[in-house]
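Listed here are the chains, written in short residue letters.
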Amino acid sequence: MHRAIGSIGGRLLRAPLSRGLTGGSAPHLWGADLASLPPPVRQFVEEGIELCQPSDVHLCDGSKEEGEALIALLREQGVLHPLPKYDNCWLARTDPRDVARVESRTVLVTERERDSVPPAPPNGEPQLGRWLSPSAMAEAQRQRFPGCMRGRRLFVIPFRMGPAGSALARAAVQLTDSAYVAASMRIMTRVGSDVLPDLRHGDFVRCLHSVGRSQTHSGDARRRSAWPCDPERTLIAHLPEELRVVSYGSGYGGNSLLGKKCLALRIASRMARDQGWLAEHMLILGVTSPSGRKHYVAAAFPSACGKTNLAMMRPALPGWSVHCVGDDIAWMKFDDDGVLRAINPERGFFGVAPGTSERTNAAAMAAVRRDTLFTNVGLRSDGAPFWEGLEDQLSPGTTLTDWRGRPWSPGSAHPCAHPNSRFCSPAANCPSMDPSWEDPRGVPIDAIIFGGRRPEGVPLVYEAFGWQHGVFVGSAMRSEATAAAEHTGRRLLHDPFAMRPFFGYNAGRYLSHWLSMSHRSGVRLPRIFHVNWFLRDPSGRFRWPGFGHNARVLAWICSRVEGEDNAREMPFGLIPREGALDLRGLPEVSYEDLFPLDRSFWEGESKELRRYYEENFGEDLPREVLEELEALEERIRKI
């Protein structure tokens, strides 16, 4: 069915190596052979073939026919299962050992450790990234990659992050032996032959990925399952000086869809620092008031803290509307007029399924009902996906299968869907996408929001006193751990700028880069805010209804952008004056409960923050951030 490559050496490959995804005589190639690729791409592909020794090669063209063939191949491999209740939707079940980002195996590779991470804490592991030396990286690659694709197909995926024609768009090529990754990348990025002109000069990002299990690898049947992986040796490495990502051992989203966190944040944040822009873990949305005034907002939240729900919100405030530009990544740059403009470099959504429903996110539910890949959700016997919080009523006789393929019923000791189960859907499916979401110029950002899961002490919303204080607020973010990575439980994690797992260089220098924005002449700096939808009362119930009611907070933020004098000062920032936040129709919501001022809480918060800065940033903490902490401590003493 496929032509073996055999010994390749360094010679040019001129014969077609793929006869399509499912056999036949029509190769899926641009032109006749690999010689049709731009020379830098051809060299990268040849190096990958020589290293990994795949059985055949497929050059992805992004066509509809290719997409259909990929689905057929994944079904044949037993990776995808149909969901006939939805339109062209599919379910994948991963190996139970491969279900989340593996932050403990994610590294930055630079000559000097200090370029990647601040000095390590005296009594523990670095919390702001992990470093690997180039020599150690070379050895790690030597132990993993030679021959890792024997018996497997190599997919060459040329892709673009960002709309064509944007000054911020970046091109890349991923090599992978996972058809699941190839199918997912078609949703999440812009894949196709139209990317080729962007690759001619060789300054593209090179991404190499293998699931780490060749078909010739010996091992037990469990390890030769339909979801191959090598969790004991998983490694996700970033080489920013070389614009290169190398990932081995995992087929799960953020570890294998290398355009997402790896390129869009870790590599891009380093590029942004060097080139004077910002690459951030932020959603982008447009907010329009009843009078027709529109403002665009970027917001940073840790994973599974409501980014997608906010980005696609259906406002519960009459007359207001919200449109989505992106739900996860923002690339931002000041234009010639000094306006900070943002693009969403992605083309799709890779959202957390549990908790998503018609009540919480109707737009997402509309998006996932066609052309979607679901991973690790449950399955209903009528052919629809299922997860906790879906809130669909089951018809009599409908049975359920959990994410591992086992029979499941409500009340079971384990969840039906994995807590980090995902949907991968085209952004164009979302009915609330902003008309300008693919504008190459980007959209103008008027406000930046930080937030996290804080059950007590932190108010519903407050505004920073200025840009420097806003950078401090972002650096001080803390949030309950989520299932998106290998963390468990509800312990609070420090997560500065929601970038803790995604910094592409020394986090202290990252803060300095943000601070430097205020030193630019002629720029219009957005206002900075912090929100907390997750305050709880003593019984554990949420004090704020959230979801569509978050529009009430956005409305106050817009009023501040427009210059309204409707805030009062607190030690930590500016909160809405009583009556400035619209609470009509929320009789059980108390203004006093939403804006607590507990001196002992803030004393503990500032003390913990000082400890965190000293242990994790050390002398790399910018002096301006420490000044803001000292000013907060002084204001707390005056309460």
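All values derive from a computational prediction rather than experimental measurement.

Q: For this particular structure, what's the right way to read the overall build of the protein chain?
A: When its secondary structure is counted, the protein chain shows 15 helices and 31 strands. Over its C-alpha trace the protein chain gives a radius of gyration of 25 Å, about what one expects of a compact globule, namely 26 Å for 639 residues. Each principal axis of the C-alpha distribution contributes one length, and for the protein chain these read about 75 × 60 × 50 Å. Expressed as a percentage of its 639 residues, the buried residues of the protein chain come to 61%. Residue pairs at least 24 apart in sequence account for 73% of intrachain contacts in the protein chain once pairs closer than 6 positions are excluded. Of the accessible surface of the protein chain, which amounts to about 24,200 Å², a share of 48% is contributed by carbon and sulfur atoms. Of the side-chain charges in the protein chain, 78 are positive and 76 negative, and the distance between the mean point of each set is 3 Å.

Q: Which parts of the structure should I look at to understand the state of the cysteines?
A: A covalent bond between the sulfur atoms of two cysteines is what we call a disulfide. Here the structure, examined in full by the defined rule, presents zero disulfides. Free cysteine cysteine 60: the closest other cysteine sulfur is in cysteine 207, separated by 13 Å. Overall, the relative accessible area of 2% leaves cysteine 60 in the buried class. In this model cysteine 229 remains outside any disulfide bridge; the closest cysteine sulfur is found in cysteine 148, 14 Å from its own. Look at cysteine 229 and you get buried, because its relative accessible area is 2%.

Q: Looking at this structure, how should I read empty space enclosed by the protein?
A: The gaps of empty space that remain are located by a probe, the size of a water molecule, rolled over the atoms. For the structure shown, the criterion picks out three cavities of 30 Å³ or more. Approximately 190 Å³ is the volume attributed to the largest cavity. Along its surface, the largest cavity is lined by 16 residues, and Tyr462, Val473, Ala476, Trp602 and Glu605 are the ones closest to its centre. Take the lining of the largest cavity: its biggest share by element is four residues, from helix α14 (residues 599-616). Looking at the lining of the largest cavity, its residues break down into 10 nonpolar, three polar and three charged.

Q: Before we go on, may I ask you to explain the packing of aromatic side chains in this structure?
A: The description of an aromatic ring pair rests on the distance of the ring centres and on the angle between the ring planes. Going through the model one piece at a time under the given rule, you end up with 22 aromatic pairs. Where phenylalanine 534 meets phenylalanine 542, the ring centres are 6.1 Å apart and the plane angle is 65°; that geometry is what we call edge-to-face. Given the relative accessible area of 42%, phenylalanine 542 is considered partly exposed. Among the aromatic residues, those joined into a cluster by ring pairs are Phe450, Trp467, Phe497, Phe503, Tyr505, Tyr510 and Trp514. The side chain of arginine 273 reaches across the aromatic face of tyrosine 505, ending 4.7 Å from its centre. In this arrangement the basic side chain of arginine 453 is found over the ring face of phenylalanine 534, its NZ or CZ atom lying 4.2 Å from the centre.

Q: How do you make sense of the sheet that holds strand β20 (residues 378-380) when you look at a structure like this?
A: Where strands meet in a sheet, backbone hydrogen bonds hold them as pairs that are either parallel or antiparallel. If you trace the four strands from one edge of the open sheet to the other, you get β21-β20-β22-β23, paired in antiparallel fashion. The sheet is open, and its two edges are formed by β21 (385-386) and β23 (407-408), each paired on a single side. One ladder, built from two bridges, connects strand β22 (residues 400-401) with β23; its direction is antiparallel. The residue bridging leucine 400 from the neighbouring strand is tryptophan 408, located in β23.

Q: Is there a simple way to think about the side chain of serine 421 in this case?
A: Tracing the sequence through the fold places serine 421 in the loop between β23 and β24 (422-426). A relative accessible area of 0% means that serine 421 is categorised as buried. The contacts of serine 421, once residues within four sequence positions are left out, are Gly351, Val352, Ala353, Pro354, Thr375, Asn376 and Val377.

Q: Please explain the sheet that holds strand β2 (residues 80-82) as it appears in this structure.
A: Spatially, the five strands line up as an open sheet ordered β2-β3-β19-β24-β18, and their pairing is mixed. Edge positions in the sheet fall to β2 and β18 (348-352), since each of these pairs with one other strand and no more. Across this sheet, the average inter-strand angle for adjacent strands is 25°, counted without regard to direction. For strand β3 (residues 90-92) and strand β19 (residues 373-375), the ladder comprises three bridges, and the chain directions are parallel. Bridged to alanine 92 within β19 is threonine 375.

Q: Looking at this structure, how should I read the pairing of strand β9 (residues 205-210)?
A: Walk down a regular strand and you will see the side chains alternate between the two sheet faces. The element β9 is largely enclosed, with a buried count of six among its six residues. Burial along β9 is two-sided: Val205, Cys207 and His209 and Arg206, Leu208 and Ser210, pointing in opposite directions, are all buried. Across four bridges, strand β7 (residues 170-176) lies against β9 in parallel orientation. By the bridge assignment for β9, leucine 175 is matched with leucine 208. Across five bridges, the pairing between β9 and strand β11 (residues 244-248) is parallel. Residue leucine 208 lies in a different strand from β11, and its bridge partner there is valine 246.

Q: Would you mind going over the environment of valine 117 with me for this structure?
A: As for its position among the elements, valine 117 is in the loop between α3 (113-116) and β5 (131-132). By relative accessible area, which is 2% here, valine 117 ends up buried. Along the sequence, valine 117 and lysine 294 sit 177 residues apart, while their C-alpha atoms lie 39 Å from each other. Beyond its immediate chain neighbours, meaning those up to four positions away, valine 117 contacts Leu128, Gly129, Arg130, Trp131 and Asn506.

Q: Could you clarify how one ought to interpret the environment of asparagine 550 in this entry?
A: Inspection of the secondary structure assignment puts asparagine 550 in helix α12 (residues 550-561). The class for asparagine 550 is buried, based on a relative accessible area of 5%. Put simply, asparagine 550 and methionine 313 are 237 residues apart on the chain and 8.3 Å apart in space, counted from C-alpha to C-alpha. Each residue touching asparagine 550, except ones within four places of it in the same chain, is listed here: Leu310, Met313, Trp533 and Trp544.

Definitions and cut-offs
- Residues numbered from 1 in each chain as written.
- Predicted model: local features only at pLDDT ≥ 70, side-chain atom pairs only at ≥ 80, totals over all residues.
- Heavy atoms only, no water.
- Helix = DSSP H or I, 4+ residues; strand = E, 2+ residues; numbered from the N terminus.
- Rg over C-alpha atoms; globule rule 2.2 N^0.38 Å.
- Buried < 20%, exposed > 50% of the residue type's maximum accessible area, 1.4 Å probe, protein only.
- Contact = heavy atoms within 4.5 Å.
- Areas by Shrake-Rupley, 256 points an atom, 1.4 Å probe, with all protein chains shown as cover.
- Lys, Arg positive; Asp, Glu negative; His and termini not counted.
- Charge placed at Lys NZ, Arg CZ, Asp CG, Glu CD.
- Disulfide = S-S within 2.5 Å.
- 1 Å grid on protein atoms, 1.4 Å probe; cavity = no way out; pocket = protein on both sides within 12 Å on 5 of 7 lines; lining within 4 Å.
- Points joined across faces, edges and corners; volume = space filled by probe spheres on them.
- Nonpolar A, V, L, I, M, F, W, Y, C, P; charged D, E, K, R; others polar.
- Phe/Tyr/Trp six-rings, centres within 6.5 Å; stacked < 30°, edge-to-face > 60°.
- Lys NZ or Arg CZ within 6 Å of the ring centre and 35° of its normal.
- Pairing = 2+ DSSP bridges.
- Axes fitted to C-alpha atoms, helices over the stretch in contact; angles between N-to-C directions.

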